[in-house]
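Chain by chain, the residues run as shown.
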Amino acid sequence: MLQRQIGTLYLLDIGEAKEAGDWPRASSVRNNKKHEKRLAKLGPLQFRFITGNDWTSEVFEDLAKIERHSWVATRAGADAKFLDPLRRKAWERIARDPVIGSMLSVGILYIGGEPVSFSFGINSGSIRYCVATSYDQRFAKHSPGTVTGYRTYIEAVERGVTVLDLGCGDGGEKSGMGAAAGPAVMDYLFVRNPVLAAFLRPVWRSRH
């Protein structure tokens, strides 16, 4: 068995943070209000929270539009969720299931009627698994992704979520939100032949 660590999950226990009076943080609230004021100068702001029966082909088209103008459209291996037609169809099919559709949710920020950023995830009981956050790069300096993320998390908390699984990557930003490093994300490869395993081990460990 060959193994390698490909990341570390960051978890934010909102229930614990709220009991300590530390969520949302006062600094985060101030910063988000500042960002929203700047974004509002570009056009009227609208925030939509989509889940359950709210999923439509138009919603998925809005998500694809945002990804089309985001960094995932220009970087190889960026793992866009909705820009690729086949992947989008898969999510649309999943969302039509009444049980799973009620677990999927996304917050979308619009400016002047145009979709600008989204925060997409899966609510399972008291845990929200954050799948993807994306934003139109033309608005990057005003942090629309952060604004949308916080609004989406607040909505999720009102629906019973107490823990945010923020996934891997950018531990600095997630720690700034109050998240703590959690379980390691491991990748395993089972190889029957011990000689081949010995040959593959250094190659496997070097690739992430």
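About the cut-offs
- Residues numbered from 1 in each chain as written.
- Predicted model: local features only at pLDDT ≥ 70, side-chain atom pairs only at ≥ 80, totals over all residues.
- Heavy atoms only, no water.
- Helix = DSSP H or I, 4+ residues; strand = E, 2+ residues; numbered from the N terminus.
- Buried < 20%, exposed > 50% of the residue type's maximum accessible area, 1.4 Å probe, protein only.
- Contact = heavy atoms within 4.5 Å.
- Patch = residues over 30% accessible without salt bridge, like charges linked within 9 Å, V, L, I, M, F, W, Y side chains within 5 Å.
- Areas by Shrake-Rupley, 256 points an atom, 1.4 Å probe, with all protein chains shown as cover.
- Salt bridge = Lys/Arg side-chain N within 4 Å of Asp/Glu carboxyl O.
- Lys, Arg positive; Asp, Glu negative; His and termini not counted.
- Charge placed at Lys NZ, Arg CZ, Asp CG, Glu CD.
- Pairing = 2+ DSSP bridges.
- Axes fitted to C-alpha atoms, helices over the stretch in contact; angles between N-to-C directions.

Enquirer: For the environment of T133, give the residues involved together with the corresponding values.
Expert: Note that T133 resides in strand β5 (residues 127-135). Residue classification places T133 among the partly exposed residues on the basis of a relative accessible area of 39%. Residues T133 and A80, 53 residues apart in the sequence, show an inter-C-alpha distance of 10 Å. If we skip the residues at most four places from it in the chain, T133 touches F118, S119 and G145.

Enquirer: Talk me through a nonpolar patch on the surface; I want residue IDs and the actual numbers.
Expert: Among the surface-exposed residues, M1, M186, Y188 and F190 lie close enough to one another that they form a single nonpolar patch of about 440 Å² accessible area. Within the secondary structure, M1 sits in the segment before β1 (2-13).

Enquirer: Hey, could you go over a positive patch on the surface for me, with residue numbers and the actual values?
Expert: Together, R30, K34, R38 and K41 make up a positively charged patch on the protein surface. Mapped onto the elements, R30 comes out in helix α2 (residues 26-40).

Enquirer: Tell me about the sheet that holds strand β4 (residues 114-124), residues and numbers included.
Expert: Across the sheet, which stays open at both edges, the seven strands sit in the order β2-β3-β4-β5-β6-β1-β7 with mixed pairing between neighbours. In this open sheet, the two edge strands, each paired with only one partner strand, are β2 (45-51) and β7 (180-189). Here the average twist between neighbouring strands, direction ignored, is 25°. One ladder, built from seven bridges, connects β2 with strand β3 (residues 104-111); its direction is antiparallel. Bridge pairing in β3 places T51 opposite S105. Here helix α6 (residues 144-158) sits on the sheet in contact with β2, β3, β4, β5 and β6 (163-165), set at roughly 40° to β4.

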